[in-house]
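# Observations on chain architecture
Residue strings, one per chain:
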Amino acid sequence: MRYLKTLVAGVAAGLFIGIGGAAYVVCSANGLSRLGSILFSCGLMSVCVFQAKLYTGKIGFVFHSSKEELIDLPVMFVGNIIGAVATGYLLFAAF
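## A short note on the pattern of salt bridges
- Tallied over the full model, the rule gives 2 salt bridges.
- A salt bridge links E68 to R2, with the nearest nitrogen and oxygen atoms 3.8 Å apart. Within this pair, whereas E68 is found in helix α4 (residues 67-94), its partner R2 is found in helix α1 (residues 2-29), the two being separated by 66 residues in sequence.
- Beyond isolated ion pairs, a larger network of salt bridges with shared partners links R2, E68 and D72.

Right under this line is the structure:
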């Protein structure tokens, strides 16, 4: 059950970062890179507010992690990939 929660939180983080990254790319392609930076920051803030599990945020503390947190890292990574790929597919289907 714990791994399922970690996977869902990882997918949510992937979705948040994917949406923020897509907003950044669209804005900077239109010459609005400052707005894109703000929107990407909103994606990062969403990860913090909803306590989603972002792999890049946890891997920096790998030497200070417990054994349980180390086991969660691959699950979190797979969840992030699933969320980012799902964001790509949803945006592709929308446009």
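## Topic: α1
- For α1, spanning 28 residues, the distance from its first C-alpha to its last is 40 Å, which sits close to the expected 40 Å at 1.5 Å a residue.
- Of all the positions in α1, only T6, A9, G10, A13, G14, G18, G20 and C27 are classed as buried.
- Immediately downstream of α1, the backbone of G31 shows phi near 80°, a positive value.

## Side note on a nonpolar patch on the surface
- Taken together, the side chains of F77, V78, I81, I82, V85 and Y89 make up a nonpolar region of the molecular surface, amounting to roughly 560 Å² of accessible area.
- Here Y89 lies in helix α4.

## Notes on the layout of surface pockets
- As a volume, the largest pocket reaches approximately 160 Å³.
- Here the lining of the largest pocket takes 4 residues from α4, the largest share from any one element.
- Partitioned by chemical class, the residues of the lining of the largest pocket number 3 nonpolar, 1 polar and 4 charged.

## Here we look at helix α2 (residues 33-49)
- Between the first and last C-alpha of α2 there are 24 Å, a value that for 17 residues agrees with the 24 Å anticipated at 1.5 Å per step.
- Among the residues of α2, those classed as buried are G36, G43 and V47. Buried residues along α2 cover an arc of 45° about the axis, so they all sit on one side. Opposite the buried face of α2, at more than 90 degrees from it, the exposed residues are R34, I38, C48 and V49.

## Comments concerning the packing of α1 against α2
- Where α1 meets α2, the axes come as close as 7 Å, and the angle between the chain directions of the two elements is 175°. Here α2 runs roughly antiparallel to α1, going by the angle between their axes. Residue-level contacts link A13, F16, I17, G20, G21, A23, Y24, C27 and S28 of α1 to S33, L35, G36, S37, L39, F40, G43, L44, S46 and V47 of α2.
- Here the contact of α1 with α2 is built from residues that sort into 11 nonpolar, 8 polar and no charged.

## Here's the deal with the environment of I59
- Within the fold, I59 resides in the loop between α3 (55-58) and α4.
- Residues I59 and T6, spaced 53 residues apart in sequence, show a C-alpha to C-alpha distance of 15 Å.

The rules behind each value
Residues numbered from 1 in each chain as written. Predicted model: local features only at pLDDT ≥ 70, side-chain atom pairs only at ≥ 80, totals over all residues. Heavy atoms only, no water. Salt bridge = Lys/Arg side-chain N within 4 Å of Asp/Glu carboxyl O. Helix = DSSP H or I, 4+ residues; strand = E, 2+ residues; numbered from the N terminus. Expected span 1.5 Å × (residues − 1). Buried < 20%, exposed > 50% of the residue type's maximum accessible area, 1.4 Å probe, protein only. Patch = residues over 30% accessible without salt bridge, like charges linked within 9 Å, V, L, I, M, F, W, Y side chains within 5 Å. Areas by Shrake-Rupley, 256 points an atom, 1.4 Å probe, with all protein chains shown as cover. 1 Å grid on protein atoms, 1.4 Å probe; cavity = no way out; pocket = protein on both sides within 12 Å on 5 of 7 lines; lining within 4 Å. Points joined across faces, edges and corners; volume = space filled by probe spheres on them. Nonpolar A, V, L, I, M, F, W, Y, C, P; charged D, E, K, R; others polar. Arc of directions from axis to C-beta. Axes fitted to C-alpha atoms, helices over the stretch in contact; angles between N-to-C directions. Parallel < 35°, antiparallel > 145°, perpendicular 65-115°, else oblique. Contact = heavy atoms within 4.5 Å.

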